[in-house]
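Here are the chains, one letter per residue:
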Amino acid sequence: MIAGVDEAGRGPLAGPVTVAAVILKTTPAGLNDSKKLSEQKRLSLLPLIKSSALAWSVVHVTPEEIDARNILQATLWGMQQAVQRLTTQPLEVLVDGNQVPNIKLPCRAIVGGDGLEACISAASILAKCHRDALMEEAHQQFPNYGFNQHKGYPTKAHMAALKQHGPCHIHRRSFAPVRAAEQQRLFV
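Residues numbered from 1 in each chain as written. Predicted model: local features only at pLDDT ≥ 70, side-chain atom pairs only at ≥ 80, totals over all residues. Heavy atoms only, no water.

How would you sum up the packing of aromatic side chains? Please name residues and give values.
One pass over the full model with this rule turns up 1 aromatic pair. An angle of 10° between the planes, with centres 5.4 Å apart, marks the rings of Y145 and F147 as stacked. For the pair formed by Y145 and F147, the shared burial category is buried. (Phe/Tyr/Trp six-rings, centres within 6.5 Å; stacked < 30°, edge-to-face > 60°. Buried < 20%, exposed > 50% of the residue type's maximum accessible area, 1.4 Å probe, protein only.)

Written out as C-alpha coordinates, the structure is:
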(Lines give C-alpha, C1' and ligand atoms only; values in the text may rest on other atoms or scores of the structure.)
Protein backbone atom coordinates (compact mmCIF):
# COMPACT_ATOMS: atom_id res chain seq x y z
CA MET A 1 0.00 0.00 0.00
CA ILE A 2 2.90 2.33 -0.80
CA ALA A 3 2.44 4.81 -3.64
CA GLY A 4 5.37 5.85 -5.76
CA VAL A 5 5.21 9.30 -7.33
CA ASP A 6 7.36 10.81 -10.07
CA GLU A 7 7.16 13.36 -12.84
CA ALA A 8 8.33 13.80 -16.40
CA GLY A 9 8.85 17.10 -18.13
CA ARG A 10 10.10 19.65 -15.62
CA GLY A 11 12.85 20.89 -17.94
CA PRO A 12 11.12 21.29 -21.32
CA LEU A 13 10.11 24.64 -22.78
CA ALA A 14 6.79 23.26 -24.03
CA GLY A 15 4.06 20.88 -23.00
CA PRO A 16 2.86 19.75 -19.58
CA VAL A 17 4.71 18.44 -16.61
CA THR A 18 3.22 14.99 -16.18
CA VAL A 19 2.96 13.31 -12.80
CA ALA A 20 2.13 9.68 -12.09
CA ALA A 21 1.30 7.85 -8.87
CA VAL A 22 1.37 4.05 -8.66
CA ILE A 23 0.60 1.46 -6.01
CA LEU A 24 2.00 -1.87 -7.19
CA LYS A 25 0.49 -5.18 -6.13
CA THR A 26 3.25 -7.09 -7.97
CA THR A 27 6.53 -5.81 -9.39
CA PRO A 28 7.13 -6.27 -13.11
CA ALA A 29 10.69 -7.27 -14.04
CA GLY A 30 12.86 -4.63 -15.62
CA LEU A 31 11.67 -1.54 -13.77
CA ASN A 32 14.16 1.31 -13.56
CA ASP A 33 14.39 5.08 -13.84
CA SER A 34 12.59 5.88 -17.11
CA LYS A 35 15.59 7.93 -18.29
CA LYS A 36 17.75 4.80 -18.15
CA LEU A 37 15.40 2.76 -20.34
CA SER A 38 14.96 2.87 -24.09
CA GLU A 39 11.67 4.11 -25.47
CA GLN A 40 10.89 0.57 -26.63
CA LYS A 41 11.54 -0.85 -23.15
CA ARG A 42 9.39 1.85 -21.49
CA LEU A 43 6.52 1.15 -23.89
CA SER A 44 6.79 -2.61 -23.29
CA LEU A 45 6.64 -2.03 -19.51
CA LEU A 46 3.66 0.34 -19.68
CA PRO A 47 0.89 -2.32 -19.92
CA LEU A 48 2.72 -4.52 -17.39
CA ILE A 49 2.81 -1.67 -14.88
CA LYS A 50 -0.88 -0.92 -15.37
CA SER A 51 -1.88 -4.56 -14.99
CA SER A 52 0.44 -5.02 -11.97
CA ALA A 53 -0.89 -1.94 -10.19
CA LEU A 54 -3.47 -1.93 -7.45
CA ALA A 55 -4.07 1.69 -8.49
CA TRP A 56 -2.44 4.27 -10.75
CA SER A 57 -3.13 7.80 -11.94
CA VAL A 58 -1.59 10.29 -14.33
CA VAL A 59 -1.98 14.07 -14.15
CA HIS A 60 -0.92 16.54 -16.84
CA VAL A 61 -0.19 20.01 -15.45
CA THR A 62 -0.71 22.46 -18.31
CA PRO A 63 1.77 25.11 -19.45
CA GLU A 64 -0.69 27.75 -18.23
CA GLU A 65 -0.71 26.19 -14.77
CA ILE A 66 3.10 25.99 -14.81
CA ASP A 67 3.30 29.67 -15.78
CA ALA A 68 0.86 30.65 -13.03
CA ARG A 69 2.46 28.61 -10.22
CA ASN A 70 6.15 28.17 -11.33
CA ILE A 71 7.53 24.79 -12.30
CA LEU A 72 8.31 23.55 -8.79
CA GLN A 73 4.92 24.47 -7.32
CA ALA A 74 3.14 23.11 -10.41
CA THR A 75 4.99 19.81 -10.03
CA LEU A 76 4.18 19.53 -6.32
CA TRP A 77 0.53 20.39 -7.06
CA GLY A 78 0.48 17.70 -9.77
CA MET A 79 1.87 15.18 -7.28
CA GLN A 80 -0.86 16.07 -4.81
CA GLN A 81 -3.50 15.64 -7.53
CA ALA A 82 -2.05 12.31 -8.72
CA VAL A 83 -2.14 10.86 -5.19
CA GLN A 84 -5.67 12.16 -4.60
CA ARG A 85 -6.87 10.52 -7.84
CA LEU A 86 -5.70 7.04 -6.85
CA THR A 87 -8.69 4.75 -6.45
CA THR A 88 -7.05 3.19 -3.38
CA GLN A 89 -5.55 5.38 -0.66
CA PRO A 90 -1.95 4.44 0.15
CA LEU A 91 -0.53 4.17 3.65
CA GLU A 92 2.64 5.99 2.59
CA VAL A 93 3.84 8.01 -0.39
CA LEU A 94 7.40 7.84 -1.77
CA VAL A 95 8.38 10.73 -4.02
CA ASP A 96 11.37 10.92 -6.34
CA GLY A 97 13.36 14.03 -5.45
CA ASN A 98 14.02 16.17 -2.41
CA GLN A 99 10.59 17.72 -1.76
CA VAL A 100 7.17 16.30 -1.03
CA PRO A 101 3.72 17.59 -1.95
CA ASN A 102 1.28 18.89 0.61
CA ILE A 103 -0.78 15.77 1.34
CA LYS A 104 -2.27 14.36 4.51
CA LEU A 105 -0.39 11.07 4.35
CA PRO A 106 3.06 10.00 5.49
CA CYS A 107 5.30 11.11 2.65
CA ARG A 108 9.02 10.64 2.05
CA ALA A 109 11.28 12.23 -0.56
CA ILE A 110 14.00 9.96 -1.97
CA VAL A 111 16.69 11.51 -4.16
CA GLY A 112 17.24 9.08 -7.04
CA GLY A 113 14.17 7.15 -5.91
CA ASP A 114 13.19 6.34 -9.49
CA GLY A 115 16.17 3.97 -9.60
CA LEU A 116 15.78 2.66 -6.04
CA GLU A 117 12.09 1.99 -5.38
CA ALA A 118 9.98 -0.12 -7.76
CA CYS A 119 6.82 1.94 -7.19
CA ILE A 120 8.67 5.17 -8.04
CA SER A 121 10.26 3.53 -11.12
CA ALA A 122 6.79 2.50 -12.25
CA ALA A 123 5.52 6.07 -11.76
CA SER A 124 8.54 7.40 -13.66
CA ILE A 125 7.76 5.17 -16.64
CA LEU A 126 4.03 5.98 -16.60
CA ALA A 127 4.70 9.71 -16.48
CA LYS A 128 7.30 9.59 -19.26
CA CYS A 129 5.19 7.41 -21.59
CA HIS A 130 2.04 9.48 -21.11
CA ARG A 131 3.90 12.78 -21.59
CA ASP A 132 5.73 11.51 -24.68
CA ALA A 133 2.40 10.45 -26.22
CA LEU A 134 1.01 13.95 -25.64
CA MET A 135 4.07 15.51 -27.27
CA GLU A 136 3.64 13.19 -30.28
CA GLU A 137 0.08 14.54 -30.58
CA ALA A 138 1.39 18.11 -30.23
CA HIS A 139 3.71 17.43 -33.15
CA GLN A 140 0.69 16.71 -35.35
CA GLN A 141 -0.76 20.09 -34.44
CA PHE A 142 2.53 22.03 -34.51
CA PRO A 143 4.87 20.17 -36.91
CA ASN A 144 7.28 23.12 -37.26
CA TYR A 145 8.72 22.54 -33.78
CA GLY A 146 9.74 18.86 -33.95
CA PHE A 147 8.03 17.91 -30.68
CA ASN A 148 8.07 14.27 -31.82
CA GLN A 149 11.87 14.34 -31.62
CA HIS A 150 12.78 16.43 -28.57
CA LYS A 151 9.47 16.34 -26.62
CA GLY A 152 9.77 20.06 -25.86
CA TYR A 153 13.27 19.98 -24.34
CA PRO A 154 15.58 22.88 -25.30
CA THR A 155 17.60 21.14 -28.02
CA LYS A 156 19.37 23.07 -30.79
CA ALA A 157 16.58 22.16 -33.21
CA HIS A 158 13.87 23.30 -30.81
CA MET A 159 15.66 26.57 -30.06
CA ALA A 160 16.04 27.24 -33.80
CA ALA A 161 12.33 26.53 -34.41
CA LEU A 162 11.36 28.74 -31.48
CA LYS A 163 13.47 31.55 -32.88
CA GLN A 164 12.05 31.11 -36.40
CA HIS A 165 8.37 30.59 -35.55
CA GLY A 166 8.00 32.10 -32.09
CA PRO A 167 6.20 30.20 -29.33
CA CYS A 168 3.01 28.24 -29.92
CA HIS A 169 0.25 27.90 -27.33
CA ILE A 170 1.87 24.90 -25.57
CA HIS A 171 5.11 26.77 -24.84
CA ARG A 172 5.76 27.80 -21.24
CA ARG A 173 5.78 31.60 -21.28
CA SER A 174 7.47 31.80 -17.86
CA PHE A 175 10.60 30.05 -19.17
CA ALA A 176 13.31 32.53 -20.21
CA PRO A 177 14.05 31.18 -23.74
CA VAL A 178 10.33 31.27 -24.59
CA ARG A 179 9.95 34.81 -23.23
CA ALA A 180 13.01 35.88 -25.23
CA ALA A 181 11.65 34.33 -28.44
CA GLU A 182 8.28 36.00 -27.86
CA GLN A 183 9.93 39.38 -27.29
CA GLN A 184 12.08 38.97 -30.39
CA ARG A 185 8.98 38.24 -32.51
CA LEU A 186 7.25 41.38 -31.17
CA PHE A 187 10.07 43.59 -32.41
CA VAL A 188 10.57 42.01 -35.85
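The discussion continues.
Could you give me a rundown of the layout of surface pockets, with the residues and numbers involved?
Its boundaries defined by the atoms lining it, the largest pocket holds a volume of some 170 Å³. Considering the residues around the largest pocket, the lining is formed by 13 residues, among which E7, A8, G9, K35 and Y153 are closest to the centre. Secondary structure elements with two or more residues in the lining of the largest pocket: β1 (2-8) and α4 (118-141). Take the lining of the largest pocket: its biggest share by element is 3 residues, from β1. (1 Å grid on protein atoms, 1.4 Å probe; cavity = no way out; pocket = protein on both sides within 12 Å on 5 of 7 lines; lining within 4 Å. Points joined across faces, edges and corners; volume = space filled by probe spheres on them. Helix = DSSP H or I, 4+ residues; strand = E, 2+ residues; numbered from the N terminus.)

Requested: an account of the sheet that holds strand β3 (residues 53-61), with residues and values cited.
With mixed pairing, 5 strands are arranged side by side in an open sheet as β3-β2-β1-β4-β5. The open sheet is flanked by β3 and β5 (107-110), the only strands paired with a single partner. Here the average twist between neighbouring strands, direction ignored, is 20°. Judged from the 4 bridges that link them, strand β4 (residues 92-96) and β5 form a sheet pairing that is parallel. Paired with V93 across the strands is C107, a residue of β5. Here helix α3 (residues 71-84) sits on the sheet in contact with β1, β2 (17-24), β3 and β4, set at roughly 35° to β2. (Pairing = 2+ DSSP bridges. Axes fitted to C-alpha atoms, helices over the stretch in contact; angles between N-to-C directions. Contact = heavy atoms within 4.5 Å.)

So, the pattern of salt bridges: which residues are in play, and what are the values?
Using the criterion set out here, one finds 8 salt bridges in the structure. Residue R69 pairs with E65 through a salt bridge whose shortest N-O separation is 2.4 Å. Here the residue R69 and the residue E65 both occupy positions in helix α2 (residues 63-69), the gap between them amounting to 4 residues, near one helical turn. The exposure class of R69 is partly exposed, given its relative accessible area of 31%. Judged by its relative accessible area of 26%, E65 is partly exposed. As a salt-bridge pair, E136 and K151 come within 2.9 Å of each other at their nearest N and O atoms. A residue pair is termed long-range when its members are at least 10 positions apart, and E136 in helix α4 and K151 in the loop between α5 (147-150) and α6 (156-165) qualify at 15 residues. Given a relative accessible area of 31%, E136 falls into the partly exposed group. The network of salt bridges with shared partners includes D33, K35 and D114. (Salt bridge = Lys/Arg side-chain N within 4 Å of Asp/Glu carboxyl O.)

Shape descriptors only; they carry no functional weight alone.
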